[in-house]
Amino acid sequence: MKRKTSPLPAIVASVTPTDSASPKSARLRTSPPAAILASLQRRGIHVDDLAISIVSDINLLGQYATQWLMATTRELLVYAEAQQEEPLLTLELCEASEFRTVAVVGSGILQAKVGEIWLDLLRYSNRQKYYFGRTAKRLDQLRANEKITLSEEDDHDPRRCASCGLMLTFQGETCPRCINRGKAMSRIFLLLRPYWGAAIVMMLLLLTQLTLSMVNPRLTQFLIDGVLRGGTPGSAGGDAQAPRLPFAFMHGMTPTQLLLLVVGAVAGVAVTQACINIFNGRLASRVGTSITYDVRGRLVDHLQRLSLSYYDKQSTGSLVGRVAYDTEAIQGFMSQLTGGFLMQILMVILTSFFMFSISPKLALFTLVPTPFVLAGSIIYYRFVYPRYSKFWDRSNKQAGMLNGLLSGIRVVKAFNQEDRELGRFQRSSGILRDARRQVDTSAATFYPIMSLVFQMGGWVIWYVGGQDVLLHNIDPQGGMTLGKLMAYFGYMGMFYGPLSNLTNLSSWITSFSTQTHRIFEVLDTPIAISDAAKPVSAPAVNGDIEFRGVTFGYSRQTPILKNVTFQIKAGQMIGVVGRSGSGKTTIINLISRFYDVDDGQILIDGTDLRQIATGDLRRQIGVVLQEPFLFRGTIWDNMVYGRTDAHVEQVIAASRAGNSHDFIMRQMHAYDTWVGERGAGLSGGERQRLSIARALLCEPRILILDEATSSVDSESELAIQNALGELVKGRTSIIIAHRLSTLRNCDLIMVIEEGKLVEKGTHGELMTLDGKYAKLVRIQTSVTKSDSIDTITAHDEQQKKLGGAAVMPELLADPDTDLTPITGHRPRWLKPQSANIHLGNRGALHVTVMNERIYNGVFALRCRPVRFPSQYISLRWFNSESREQEIGLIRDLADWPAEAQKLVRESLLRRYFVHVISRVDSIQEFQGYLNFQVDTDLGPMQFFMRWSYDTAQDYGERGKVLLDVEENRYVIPDVAKLSLLSRKAFERYIYW
């Protein structure tokens, strides 16, 4: 019985690009069979009336079957291959309110919304997903009576390889099937272009080194035949086939003198080769590291220019690996040029020449193992090397599983699943053990066999060459001398050694080409978000924002925003609400131009966003995301990240506006406090307040808060809201929030649902409308057990009246200096004319602020103890509720009377206990700890600290602060100012 063949090959072929001579948009205008054309004509439809004609590959039941969708400007028809006379389904376009595609398992369905139901029209496999996504869009245009013009975009899926049609991970990815592995090598040589001179020198040195290595076997021959066998070479008493003396000065020399000369020549060759190796290795390292440095810089620069859509589809770990590890392949390439496979190949060629020059017969016998070596290389590549790949894969998976286990150890303990996790780890470890055993077994078998193959060639040479030497001893005119045989053995060793290493050549080429292609894959990725050819300069914007028919989806076939239109006037505060996944965050992503719209326009002050210079645009927008991110470094570095030239007073004002100043001052080094990766060492709310202050410092014209207060407590949220009440004045502000009370003061609230703008208005208008927004309010107030959002608002206002806002009054602000454009939150600067610093009861420090009050029990803290130890000093006290508050700031202690300076410095000494290291006597390392012997401003000290990055942190630009095991602090203000011996001792261990 003949088995029915699957239509799969034909379907696969259908995804390949159409011929260049074919008509445009052949996918959406595929000619139907004659029977279907006849049926259409019976219905009064001419072929020219068809706006869309597309074929699918499966039916609604998931069986391979061809079905056709025809659409005119008025109606839509679906035909089946088995029933071409009459349509399976007809639909007037005016009956449908929307067309869409939905993804199901392994396929998709084209649907039309008719009334309240979604009608399945046609099903297709994932191979045709892109084309039916375009079909749904075109059908919507026909339904809206729009004239459609099909284009190349409808016919060619940008995520398919233009050559072979393979679906790629992302648009612009290098196709793995079409990779030209030789091209990677040629591109590496192009990277060598700035270093051609050094490369030529390296090649000349390599050839010199190889030539010198050919000398030693000849010296061995001369030593045996011309010196050790007695008699003067070439004389009557000497060997007739012994080598002649190459230089005249050697005639008449005694054997001892010749022996000394040969040994000297051997030593000279060795020393010369060593010098060449040293110079060539250093030169190769210099060139390799320079190229690697260049490529890493280009990679990081290109990665920063790529759009966020690229990172949506890429693993961060993979990209880090390409920059950190794959670039090392270039360094390895230079090593291969100077001492690796290139040298070995040249060695095989040269030694072959010299072996044939000594004895062609022996040379032919030497080549006997060569076919076995080539066969062994094939066997290694096909059977042994894949086992290494399996072992590496299993090792990585076990490391990943262990990372997950240790990262989630709290959950493991909370649910008492230690035994279960141990079992999972043991199973993974068992698989890794078996994979390692296979690798070791293969290696333990393969390499001894290959060694035996080479020895077989040696056995043959020993026997045949030995016969020639015996023949020569009987008849000096025949055979070969012992010296020649020993020289031949020398060349044979140099021949077999590289030949055995060439078994790994295919593995290295595969690894090298893979790594370099991963590098060039990133460099070749097109930049999706780029400036226009002639961008519009916008150093300042008013803040008018308009969306015109914006449609966008992270996948073009599944739009998140659908034909969204709205307008925001400059200076307005807009609230955006909606369910998770409705498209709220997508709106701010598009305004910031992290992505470009698929259809429609976004205008800033009437100019298309895509025409504005990206740098100018983003300088005008301040974004505070739901998940705050801080870099490893000081709080100051993170605060001024977007405005590195900010003045201290501007930073303090911004941090006060973001309700950050007080908690910063409670840190050990205030604004100079070091925080770890992602802000480790700070709470989530503190990180969020810092990110708000960082955005405010940039003085953006457009301020976007995406759930910015979701990570802070109620009191901090209230303080931030009160601060924002002044900060948003004159700025366009867009606030996304789930807590609807946060939006009570918004000029306009927009409700987004399923990617559409369904409602907009003020809070009162939307409550009167009693639609989606009112429903969300009722749900939230029910959860919070409040009667209404108005009750929440009234409660918040009452808290505000009771002093819930932690915003200090603007007392005694300096009228002469306005370095803080965030005018509502300038620091309160104390001056000798308006404040008196003195001692009070029981010797406590007091501050009397004229026309206000006396503050008792005052203490002083430095805002920036590293950079400004005598400036920007915060005077603080504890109020009646035992809460720490700031009285005011001193700009410069030198401006105050001597007595006040003395009192403030004594107060600072009570708060700061730091040893300043002036000399490092010795450092000893043991078991991950360092034992320091140092001289400090407080006398000689010995202390122990863990040898880790976190215990030796940056202190200013060139200093270090060391934390010992008891958390005492030792400061070196400037490492460069230490004595030479002290600096070398220090930098031997603290080198980061």
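Each chain carries its own residue numbering, running from 1 in the written order of its sequence. Thresholds applied to this predicted model are a pLDDT of at least 70 for local features of residues and 80 or more for the giving and counting of side-chain atom pairs; totals over whole chains, interfaces and linings are not thresholded and use all residues. Water and hydrogen atoms play no part in the side-chain values, which are based on all heavy atoms of the structure.

1. Focus: the overall build of the protein chain
Line of reasoning, step 1. Here a strand is any run of E in DSSP of at least two residues, a helix any run of H or I of at least four, and the numbering for each starts at the N terminus. If you tally the helices and strands in the protein chain, you get 30 helices and 31 strands.
Line of reasoning, step 2. For every residue, the accessible area (1.4 Å probe, protein chains only) is compared with the maximum for its type, and the residue is labelled buried under 20%, exposed over 50%, or partly exposed between those bounds. Among the 992 residues that make up the protein chain, the fraction classed as buried is 46%.
Line of reasoning, step 3. Long-range pairs, those at least 24 residues apart, make up 62% of the contacts in the protein chain with a sequence separation of at least 6. Only heavy atoms enter the contact rule, under which two residues are in contact if any of them lie within 4.5 Å.

2. Focus on the pattern of salt bridges
Line of reasoning, step 1. Salt-bridge detection follows one rule: a side-chain nitrogen of Lys or Arg within 4 Å of a carboxyl oxygen of Asp or Glu. Throughout the structure, instances matching the rule amount to 30 salt bridges.
Line of reasoning, step 2. In this structure, R876 and E884 form a salt bridge, with 2.6 Å as the shortest nitrogen-oxygen distance. Take R876 and E884: they sit in the same class, and that class is buried.
Line of reasoning, step 3. D921 serves as the salt-bridge partner of R919, at 2.8 Å between the closest nitrogen and oxygen.
Line of reasoning, step 4. What makes D921 partly exposed here is its relative accessible area of 41%.
Line of reasoning, step 5. Overlapping salt bridges bring together R656, D662, R876, E884 and E886 as one network.

3. With respect to the packing of helix α16 (residues 418–474) against helix α17 (residues 482–501)
Line of reasoning, step 1. Orientation is described by axes fitted as lines to C-alpha atoms, over the contacting stretch for helices, and by angles from 0 to 180 degrees between their N-to-C directions. Close contact between α16 and α17 brings their axes to 11 Å; oriented N to C, the two are set at 165°. Regarding the angle of α16 to α17, the classification is roughly antiparallel. In terms of crossing hand, the pair formed by α16 and α17 is right-handed. In this structure, α16 uses F454, G457, G458, I461, W462, G465, G466 and V469 to contact α17, whose residues at the interface are L482, L485, Y488, F489, M492, Y496, L499 and S500.
Line of reasoning, step 2. For this classification, the nonpolar set comprises Ala, Val, Leu, Ile, Met, Phe, Trp, Tyr, Cys and Pro, the charged set comprises Asp, Glu, Lys and Arg, and every other residue, Gly included, is treated as polar. The residue makeup of the contact of α16 with α17, split by class, is 11 nonpolar, 5 polar and no charged. Angles are sorted into four bins: roughly parallel if under 35 degrees, roughly antiparallel if over 145, roughly perpendicular if 65 to 115, and oblique for all others. A crossing counts as left-handed when the near helix is turned anticlockwise from the far one by less than a right angle, and as right-handed when that turn is clockwise.

4. Examining the sheet that holds strand β29 (residues 952–955)
Line of reasoning, step 1. A pair of strands is considered paired only if DSSP assigns at least 2 bridges between the two. Pairing is mixed across the open sheet formed by 6 strands, whose spatial order is β28-β27-β26-β31-β30-β29. Where the open sheet ends on each side, the last strands, each with one partner, are β28 (939–946) and β29. On average, adjacent strands in this sheet sit at an angle of 35° to one another, irrespective of strand direction.
Line of reasoning, step 2. Pairing between strand β26 (residues 914–926) and strand β27 (residues 929–936): 8 bridges, direction antiparallel. Bridging from a neighbouring strand, S922 pairs with Q933 of β27.

5. Describing helix α3 (residues 129–143)
Line of reasoning, step 1. One less than the residue count of a helix, multiplied by 1.5 Å, gives the span that helix is expected to have. Between its first and last C-alpha, α3 extends 21 Å over 15 residues, near the 21 Å set by a 1.5 Å rise per residue.
Line of reasoning, step 2. What α3 keeps buried is the set Y130, Y131, F132, G133, R134, T135, A136, R138, L139, Q141 and L142.

6. Observations concerning helix α12 (residues 341–358)
Line of reasoning, step 1. The terminal C-alpha atoms of α12 lie 26 Å apart, and with 18 residues this matches the ideal 26 Å at 1.5 Å per residue to within 8%.
Line of reasoning, step 2. All of the buried residues in α12 are F341, M343, Q344, M347, V348, T351, S352, F354, M355 and I358.

7. A closer look at the confidence of the model for the protein chain
Line of reasoning, step 1. Looking at any residue, its pLDDT shows the predictor's confidence there, from 0 to 100. When pLDDT is averaged along the protein chain, the result is 79, and 86% of the positions lie at 70 or above.
Line of reasoning, step 2. Within the model, pLDDT remains below 50 along residues 1–25, and this stretch shows 27 contacts once partners closer than five positions in the same chain are excluded.
Line of reasoning, step 3. Counted against residues more than four places away or in other chains, residues 785–824, with its pLDDT under 50, gives 70 contacts.

8. Concerning a nonpolar patch on the surface
Line of reasoning, step 1. Surface patches are defined over residues having more than 30% relative accessible area and no salt bridge, joining like charges when they lie within 9 Å and nonpolar side chains (Val, Leu, Ile, Met, Phe, Trp, Tyr) when within 5 Å. Only the protein chains shown count as cover for residues, and the accessible areas themselves come from Shrake-Rupley with a 1.4 Å probe. Together, F189, W196, I200, L204 and L207 make up an exposed nonpolar region whose accessible area comes to about 480 Å².
Line of reasoning, step 2. Ranked by residue count, the leading element in the nonpolar patch is helix α6 (residues 196–213), at 4 residues.
Line of reasoning, step 3. Tracing the chain through its elements places L207 in helix α6.
Line of reasoning, step 4. Its relative accessible area of 43% is what places L207 among the partly exposed residues.

9. Comments concerning unusual backbone geometry
Line of reasoning, step 1. Its identity is not glycine, yet R842 carries a phi of approximately 55°, on the positive side.
Line of reasoning, step 2. Along the chain, R842 falls in the loop between β20 (835–839) and β21 (845–849).

10. As for the side chain of Q67
Line of reasoning, step 1. Note on placement: Q67 falls in strand β2 (residues 64–71).
Line of reasoning, step 2. Excluding residues that lie within four positions of it along the chain, Q67 makes contacts with I54, V55, S56, I58, N59, V78, Y79, A80, L88 and L122.

11. Overview of the sheet that holds strand β11 (residues 599–604)
Line of reasoning, step 1. With antiparallel pairing, 4 strands are arranged side by side in an open sheet as β9-β8-β11-β12. In this open sheet, the two strands that pair with only one neighbour each are β9 (561–568) and β12 (607–608).
Line of reasoning, step 2. Strands in contact with helix α19 (residues 584–591) are β8 (545–552), β9 and β11; relative to β8, the strand with the most contacts, it is inclined by about 115°.

12. A closer look at the packing of α6 against helix α8 (residues 255–305)
Line of reasoning, step 1. With their axes 10 Å apart at the nearest point, α6 and α8 run at an angle of 155° to one another. By the angle class used here, α6 and α8 are roughly antiparallel. Two packed elements cross with a definite hand, and for α6 against α8 that hand is left-handed. Within the contact between the two elements, α6 uses A198, V201, M202, L205, L206, T208, Q209, L212 and S213 and α8 uses V269, T272, Q273, I276, N277, F279, N280, L283, A284 and V287.

13. Things to note about the environment of T135
Line of reasoning, step 1. In this fold, T135 is placed in helix α3.
Line of reasoning, step 2. Residue class for T135 comes out buried when judged on its relative accessible area of 0%.
Line of reasoning, step 3. Here the alpha-carbon distance between T135 and T101, two residues 34 residues apart in the chain, equals 9.1 Å.
Line of reasoning, step 4. Excluding residues within four positions of it along the chain, T135 makes contact with L28, I52, I54, L69 and L110.

14. Quick notes on the pairing of strand β31 (residues 969–972)
Line of reasoning, step 1. Burial of β31 is two-sided: the residues R969 and V971 facing one way and the residues Y970 and I972 facing the other way are all buried.
Line of reasoning, step 2. Relative to β31, β26 runs parallel, the two sharing 3 bridges. Within the sheet, the bridge partner assigned to V916 lies in β31 and is V971.
Line of reasoning, step 3. In this structure, strand β30 (residues 959–963) lies alongside β31, joined through 4 bridges in antiparallel fashion. The residue bridging L963 from the neighbouring strand is R969, located in β31.
Line of reasoning, step 4. Linkage of β30 to β31, two consecutive antiparallel strands, is achieved through a turn of 5 residues, within which E967 is found at a positive phi near 65°.

15. Quick look at the packing of aromatic side chains
Line of reasoning, step 1. Aromatic pairs are defined between Phe, Tyr and Trp rings, using the six-membered ring for Trp, whenever the two ring centres lie within 6.5 Å; interplanar angles under 30 degrees are classed as stacked, those over 60 as edge-to-face, and all others as tilted. Applying the stated rule across the entire model yields 20 aromatic pairs.
Line of reasoning, step 2. Each ring, one from Y855 and one from W877, has its centre 5.0 Å from the other, and the planes form 75°; the classification is edge-to-face. Here W877 lies in strand β24 (residues 871–878) and Y855 lies in strand β22 (residues 853–855), a separation of 22 residues in the sequence.
Line of reasoning, step 3. Of the residues examined, Y855 reaches a relative accessible area of 7% and is grouped as buried.
Line of reasoning, step 4. The rings of F353, F354 and Y491 are connected pair by pair, giving a single aromatic cluster.
Line of reasoning, step 5. The ring of F391 carries the charged tip of R436 above its face, separated from the ring centre by 5.0 Å.
Line of reasoning, step 6. Geometrically, a charge over a ring is one whose NZ (Lys) or CZ (Arg) sits within 6 Å of the ring centre while staying within 35 degrees of the ring normal. The residue whose ring lies beneath R864 is W636, and the NZ or CZ to ring-centre distance is 4.0 Å.

16. What to know about the pairing of β21
Line of reasoning, step 1. Counting buried positions along β21 yields 4 of 5 residues, so the element is predominantly enclosed.
Line of reasoning, step 2. Pairing of β20 with β21 involves 5 bridges; the strand directions are antiparallel. Residue pairing in the sheet places H838 in a bridge with H846 of β21.
Line of reasoning, step 3. Two successive antiparallel strands, β20 and β21, enclose a turn made up of 5 residues, where R842 displays a positive phi of approximately 55°.
Line of reasoning, step 4. Pairing of β21 with β22 involves 3 bridges; the strand directions are antiparallel. Along β22, the bridge assignment pairs T848 with I854.
Line of reasoning, step 5. Between β21 and β22, which pair antiparallel and follow one another directly, the connecting turn spans 3 residues, one of which, N851, has a positive phi of 65°.

17. Examining the environment of P559
Line of reasoning, step 1. Considering the arrangement of structural elements, one finds P559 in the loop between β8 and β9.
Line of reasoning, step 2. Look at P559 and you get partly exposed, because its relative accessible area is 31%.
Line of reasoning, step 3. Sequence-distant contacts of P559, that is, excluding residues within four places in its chain, are made with T551, F552 and G553.

18. Things to note about the environment of N659
Line of reasoning, step 1. Its location among the elements puts N659 in the loop between α22 (648–657) and α23 (661–665).
Line of reasoning, step 2. In this structure N659 comes out as buried when scored by relative accessible area, which is 14%.
Line of reasoning, step 3. Between the alpha carbons of N659 and A693 there is a distance of 7.8 Å; along the sequence they are 34 residues apart.

19. Section: the side chain of Q273
Line of reasoning, step 1. Its place among the elements puts Q273 in helix α8.
Line of reasoning, step 2. Residues contacting Q273, with those up to four places away along its chain left out, are Q209, L212 and S213.

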